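Listed below, chain by chain, are the residues.
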Amino acid sequence: MREPKLVDYTLLIFLALIWASAFFNIKIATESFGPITIAFLRVFFGSIPVLLLCFYKKIKIEAFSKDWYWFAIIGFVNLVLPFFLIAYGVKSVQSNLAAILMSTTPLSSTVLGHFFTKNEKFNFIKTFGILIGFSGIVYLFSDNFLINDNNFISALLILLGSTCYVVGGVLTLKISEKKNENVTGSILIWAIIILVPLVSFIEKPWNTIPSVESSISVIYLGLVSTGLAWLLRFRILKNNGLIFQSQVSYLIPIFGIGLSYIFLDELITDKVIVSLLAVLVGLYFVKKAGSQKKI
């Protein structure tokens, strides 16, 4: 791994902006599309740049190999479920809340890592960070202006969606010897296979006339926030490693709140700011504990 240069930090910020921009685009997409349709279009359009890269680099896609069931399971847990849950939840809550709730993924990952891996156990600093981070989320749920009886379940579903990403990451360890591009391409294929009958029989999107804004947003979600973002992530991981790439977690909620205010004029309350700071402090301590272990 090389020492990060200006171009590496630029790409990291660009990746954070792309992922953060997904939240307000999901909100716009929900005006015309159902959550299953949004999930399907995300994986469909997202698969295009990934599969084209695999074709260009002559990377074999093993979606239907002897390990097909792992790709199918991971595709369901890591793509289908979270994409559906987040889209369903964002329809009823502000997209900036989704950005904060989704930023807990590294915290949830640390908790699951303690139980399902051998070398990611809790220590005092990690535990402190987890408690601080999740206390911020609990505090966020006390914001009656933004989360109430009408959308409380929706907010919980977004939080569940973030946990699905973590579970999917743990499952991916089962096929960790395979190339990232192969794994991503294969799970995208299986996510499409799973979603085709669901979207066809449940939502039937061809019966609706979507707005131009929603159509642009859902295409953007697929091509950019899913496909291009994964390719950028591959490059950063290859050049700078996981620790550097994980710093994107600090930027996503900040950019997510800012973008939702700029494009959707969403309300930013005092509790949103306090919750965001608590999550960021929690992430800092969790990552600090991980960095100290590697020294």
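Scope of this entry: the structure provided in the associated data block. No experiment lies behind these values; they were computed from the predicted model shown.

### Regarding the pattern of salt bridges
Right, on to step 1. According to the stated counting rule, one finds four salt bridges in the structure shown.
Right, on to step 2. For Lys178, the salt bridge is made with Asp67, and the minimal N-O distance between the two is 3.2 Å. With Lys178 in the loop between helix H7 (152-172) and helix H8 (180-203) and Asp67 in the loop between helix H2 (35-56) and helix H3 (68-90), this residue pair connects regions lying 111 residues apart in the sequence.
Right, on to step 3. Under the relative-accessibility criterion, Lys178 is labelled buried at 14%.

### Regarding helix H4 (residues 95-102)
Right, on to step 1. Here H4 lies mainly inside the structure; eight of its eight residues are buried.
Right, on to step 2. Three or more residues of H4 are buried, namely Ser95, Asn96, Leu97, Ala98, Ala99, Ile100, Leu101 and Met102.

### Thoughts on the side chain of Ser249
Right, on to step 1. Tracing the sequence through the fold places Ser249 in helix H10 (residues 248-264).
Right, on to step 2. Here Ser249 falls in the buried class, since its relative accessible area comes to 14%.
Right, on to step 3. Ignoring sequence-local partners within four residues, the contact set of Ser249 consists of Pro106, Leu283 and Lys287.

### A word on helix H6 (residues 124-140)
Owing to its 3.6 residues per turn, the α-helix aligns residues three or four sequence positions apart on the same side.
Right, on to step 1. A rise of 1.5 Å per residue sets the reference length of H6, with its 17 residues, at 24 Å; its end C-alpha atoms lie 25 Å apart and thus fit the reference within 8%.
Right, on to step 2. If you check which residues of H6 are buried, you get Lys126, Gly129, Ile130, Gly133, Gly136, Ile137 and Leu140. In a view along the axis of H6, the buried residues occupy a sector of 125°, so they form one face of it. For H6, the exposed residues set more than 90 degrees away from the buried face come down to Phe124, Leu131 and Val138.
Right, on to step 3. A distance of 3.2 Å separates the backbone nitrogen of Ile125 from a side-chain oxygen at the start of H6, and that oxygen is part of Asn123.

### Quick word on unusual backbone geometry
In terms of backbone geometry, most residues other than glycine have negative phi values and most peptide bonds are trans.
Right, on to step 1. In this model, Lys58 sits at a positive phi of 55°, which is unusual for a non-glycine residue.
Right, on to step 2. Looking at where Lys58 falls in the secondary structure, it is placed in the loop between H2 and H3.
Right, on to step 3. We classify Lys58 as exposed; its relative accessible area is 77%.
Right, on to step 4. With a phi angle near 45°, Lys204 is a residue other than glycine that sits in the positive phi range.
Right, on to step 5. For Lys204, the position within the fold is in the loop between H8 and helix H9 (212-246).

### Here we look at the packing of H4 against H10
Right, on to step 1. Here H4 crosses H10 at 175°, and the two axes come no closer than 8 Å. Overall, the two elements H4 and H10 adopt an arrangement that is roughly antiparallel. On H10, the residues that touch Ser95, Asn96, Ala99 and Ile100 of H4 are Pro253, Gly256, Ile257, Ser260 and Leu264.
Right, on to step 2. Looking at side-chain class alone, the contact of H4 with H10 contains five nonpolar, four polar and no charged residues.

Rules used in this analysis
For every chain, the first residue of the written sequence is number 1, and numbering continues from 1 onward in sequence order. Selection of residues for local features in this predicted model requires a pLDDT of at least 70, selection of side-chain atom pairs for listing and counting requires 80 or more, and totals for whole chains, interfaces and linings are taken over all residues. By convention in this description, side-chain values take in all heavy atoms of the structure and omit both hydrogens and water. Within this document, salt bridges are pairs made up of a side-chain nitrogen of Lys or Arg and a carboxyl oxygen of Asp or Glu, the two lying within 4 Å of each other. A run of H or I in DSSP becomes a helix once it reaches four residues, and a run of E becomes a strand once it reaches two; helices and strands are each numbered from the N terminus. Relative accessibility decides the category of a residue: with a 1.4 Å probe and only protein chains considered, values under 20% of the type maximum give buried, values over 50% give exposed, and everything between is partly exposed. Contacts are assigned to residue pairs with any non-hydrogen atoms lying within 4.5 Å of each other. Each helix should span, by expectation, one fewer than its residue count multiplied by 1.5 Å. What the arc measures is the spread of directions leading from the helix axis to the C-beta atoms. Here a polar contact means two N or O atoms within 3.5 Å. Within protein one must be a hydrogen donor candidate and the other an acceptor candidate, and residues neighboring in sequence count only if both atoms are side-chain atoms. Where helices are involved, their axes are fitted lines through C-alpha atoms of the stretch in contact, as for all axes, and angles between N-to-C directions lie from 0 to 180°. Small angles under 35 degrees read as roughly parallel and large ones over 145 as roughly antiparallel, with 65 to 115 read as roughly perpendicular and the rest as oblique. Any residue that is not Ala, Val, Leu, Ile, Met, Phe, Trp, Tyr, Cys, Pro, Asp, Glu, Lys or Arg is counted as polar, Gly included; the first ten are nonpolar and the last four charged.

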